[in-house]
Amino acid sequence: MRFRDAVRVLFVGIVVASAFVFASGYLSAETTSSSSGRPTFDASPREGITVVATDSNTWMGEASDGPRARAELVAFAPNGSVMYYNDSHTRYWDVDPVQGAETTVEYVAADHLNASECHATTPCTRNVVERANLSTGEVTRLYGRITPGKHSTRWHDADRLDEDSLVVADIAQDRVYVVNTTSELIEWEWDAQRDYSTASGGPYPEDWTHLNDVEVLADGTIMASLRNQDQVVFLNRETGLQENRTLGEDGDHDTIYEQHNPDYINAADGGPAVLIGDSENNRVVEYQREGGEWTQSWVWQDARTQWPRDADRLPNGNTLVTDSNGNRVVEVNRQGEVVWSVDIAFPYESERLNTGDESTGGPAAAEAGLQSRTGGGASLGDSAGQTAATESAGPLDRAWAVVRDLLPGRTANGLMYVTPVWMGGPEVLALAAALLTLVVWVVCEAYWSSWRASVHSPVSISRRK
């Protein structure tokens with residue numbers, strides 16, 4: 001076989017293999033639907049009810065209206081079956097258990113409205129806090145507001161302060177406020193401009209702080225996440241920002257990088273500590289408060305981890321991780337091994353009911369002796385923890401982990417964000433390999449063609465006399 005023919009065979013093999021990986025991902029997503037048009041899930045049994053709220057995604061289902069944007073609130077029963085499903089909102093965000101009720105949750109959701117629905121000239125967003133009984137299906141709206149625009153005006157979180165009041169993370173106005181849901185009067189607020197320059201964080205006023213999370217601590221302090229400032233802050237409702245407790249610094253991406261859903265772990269459980277979805281660093285990380293400073297005490301990541309946006313420490317020391325661009329929710333044990341998982345498109349937050357709100361009741365990493373796991377790609381070394389973390393990953397997942405770790409965090413995550421939800425790292429690699437191979441093939445054929453033309457061209461032309 002001539003050299004050029006051998007190269008052509010190699011090109012064909014790469015393209016065919018890439019097409020197989022790409023098509024397998026597409027077809028597997030297309031077939032995961034029930035006769036009702038809803039996606040199906042393959043969740044193994046696990047003690048307790050697990051509730052997952054998902055961000056909007058393009059789902060390749062068999063609904064009569066074809067592929068469409070869909071967000072879901074899904075509850076998995078202990079036997080792995082779906083006990084509750086709701087996809088009536090454009091986006092679902094925070095989900096919390098309701099104290100004293102075993103199968104009732106409160107959640108934040110958003111609906112995109114067109115200009116006429118907003119009685120305006122441009123689209124808007126309806127943000128709501130609702131309560132759902134997972135057993136009966138009854139839904140009650142507790143509070144809601146309409147905000148202009150879409151992307152940077154959707155509330156991501158609200159936390160219960162008391163029976164009548166909610167704390168709201170207001171992305172649209174870069175503030176935290178307390179509202180009485182009976183009177184709908186605002187009782188307290190903190191405006192980020194009190195303590196931060198608009199030169200910090202993201203572009204002002206489009207998406208300056210992206211304030212995406214609030215949590216009421218046991219002493220009444222409010223912890224909030226300023227995503228675009230790479231900071232977790234603590235607010236006293238009488239004195240304001242407690243600067244000496246701030247975790248992270250604007251632009252310090254080694255500590256946290258555009259984080260989501262920080263959870264506070266109390267001193268009684270081995271804290272003070274904060275467990276964070278360190279999203280752009282593609283990891284879950286925990287920091288312990290020691291001597292007035294925050295010290296990294298635990299980190300978890302495997303080959304598939306991509307833009308995690310929530311992590312809850314369970315009372316048994318396991319951690320429930322919501323891996324958004326990884327399209328899954330996983331539970332990892334004290335050794336960092338995955339002991340339960342469910343594939344679900346673009347999840348934002350998850351809760352294991354009857355284990356406390358968020359990480360309430362879960363031990364700090366140092367208290368529980370948790371083992372850190374990082375990496376998934378060969379570039380990160382071969383320590384025992386890193387090796388074990390890759391054992392369950394396939395070769396394409398491991399290859400993607402190498403590429404992911406070489407790219408800037410926002411580049412890799414931005415790529416995964418804009419691709420269809422059924423495209424994971426392996427499918428992205430397959431598509432890139434196929435396109436690159438086709439380009440090289442065309443270049444080679446052009447080169448070979450011009451070489452043949454040169455060889456067969458006349459050596460000389462006689463001048464006619």
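Above this text you will find the structure in question.
The present account deals with the structure reproduced in this document. (Residues numbered from 1 in each chain as written. Predicted model: local features only at pLDDT ≥ 70, side-chain atom pairs only at ≥ 80, totals over all residues. Heavy atoms only, no water.)

**As for the overall build of the protein chain**
Secondary structure assignment for the protein chain yields seven helices and 26 strands. Among the 465 residues that make up the protein chain, the fraction classed as buried is 52%. Counting contacts in the protein chain only where the partners sit at least 6 residues apart, residues at least 24 apart contribute 52% of the total. When the accessible surface of the protein chain is split by element, carbon and sulfur atoms take 52% of a total near 20,800 Å². (Helix = DSSP H or I, 4+ residues; strand = E, 2+ residues; numbered from the N terminus. Buried < 20%, exposed > 50% of the residue type's maximum accessible area, 1.4 Å probe, protein only. Contact = heavy atoms within 4.5 Å. Areas by Shrake-Rupley, 256 points an atom, 1.4 Å probe, with all protein chains shown as cover.)

**A closer look at the packing of aromatic side chains**
Enumeration over the complete set of coordinates arrives at ten aromatic pairs. When the ring of Trp93 is compared with that of Tyr348, the centres are 5.1 Å apart and the planes differ by 90°; the resulting orientation is edge-to-face. A residue pair is termed long-range when its members are at least 10 positions apart, and Trp93 in strand β6 (residues 91–97) and Tyr348 in strand β26 (residues 347–352) qualify at 255 residues. The burial state of Trp93 is the same as that of Tyr348; both residues are buried. Three or more aromatic residues joined by ring pairs make a cluster, and in this case those are Phe234, Tyr264 and Trp294. Across the ring face of Phe234, the terminal group of Arg245 is positioned such that the distance to the ring centre comes to 4.3 Å. When the ring centre of Trp298 is taken as reference, the NZ or CZ atom of Arg313 above it lies at 4.9 Å. (Phe/Tyr/Trp six-rings, centres within 6.5 Å; stacked < 30°, edge-to-face > 60°. Lys NZ or Arg CZ within 6 Å of the ring centre and 35° of its normal.)

**A few points about a nonpolar patch on the surface**
On the surface, Leu415, Tyr417 and Val418 cluster together into a nonpolar patch covering about 290 Å² of accessible area. Residue position: Tyr417 is located in helix α6 (residues 409–418). Classification of Tyr417 as partly exposed rests on a relative accessible area of 39%. (Patch = residues over 30% accessible without salt bridge, like charges linked within 9 Å, V, L, I, M, F, W, Y side chains within 5 Å. Salt bridge = Lys/Arg side-chain N within 4 Å of Asp/Glu carboxyl O.)

**Points about the pattern of salt bridges**
A complete count under the given rule lists 20 salt bridges for this structure. A salt bridge links Arg2 to Asp5, with the shortest nitrogen-to-oxygen separation between them at 3.6 Å. A relative accessible area of 28% places Asp5 in the partly exposed class. Arg141 is paired through a salt bridge with Glu130; the nearest N and O atoms lie 2.9 Å apart. Taken together, the residues Arg141 in strand β9 (residues 139–148) and Glu130 in strand β8 (residues 124–133) connect sequence positions eleven residues apart. A relative accessible area of 46% means that Arg141 is categorised as partly exposed. A relative accessible area of 5% means that Glu130 is categorised as buried. If you follow the salt bridges from partner to partner, you end up with Arg2, Asp5, Arg8 and Glu445 in one network.

**As for the nonpolar core**
Of all hydrophobic cores here, the largest spans 17 residues; its most connected members are Val176, Trp190, Leu211, Val214, Ile222 and Leu235. Looking at this core, the elements with two or more residues in it are β11 (165–170), β12 (175–180), β13 (186–191), β14 (211–216), β15 (222–226) and β16 (231–236). Excluding its chain neighbours within four sequence positions, the residues that come into contact with Val176 are Val167, Val168, Trp188, Glu189, Trp190, Leu211, Val214, Ile222, Ala224 and Leu235. By size, the runner-up hydrophobic cluster in this structure holds 16 residues, among which are Ala71, Ala75, Val95 and Leu353. (Core = buried A, V, L, I, M, F, W, Y, C linked by side-chain atoms within 4.5 Å.)

**Let's talk about the sheet that holds strand β19 (residues 273–278)**
The pairing of strands in a sheet comes from backbone hydrogen bonds and takes either a parallel or an antiparallel form. Read across the open sheet, the four strands follow the order β18-β19-β20-β21; overall the sheet is antiparallel. Strand pairing shows two members of the sheet lacking a second neighbour, β18 (260–265) and β21 (293–300), which therefore form its edges. Neighbour to neighbour, the strand axes of the sheet diverge by 25° on average, direction disregarded. Here β18 pairs with β19 via four bridges, running antiparallel. By the bridge assignment, His260 is partnered in β19 with Gly277. (Pairing = 2+ DSSP bridges. Axes fitted to C-alpha atoms, helices over the stretch in contact; angles between N-to-C directions.)

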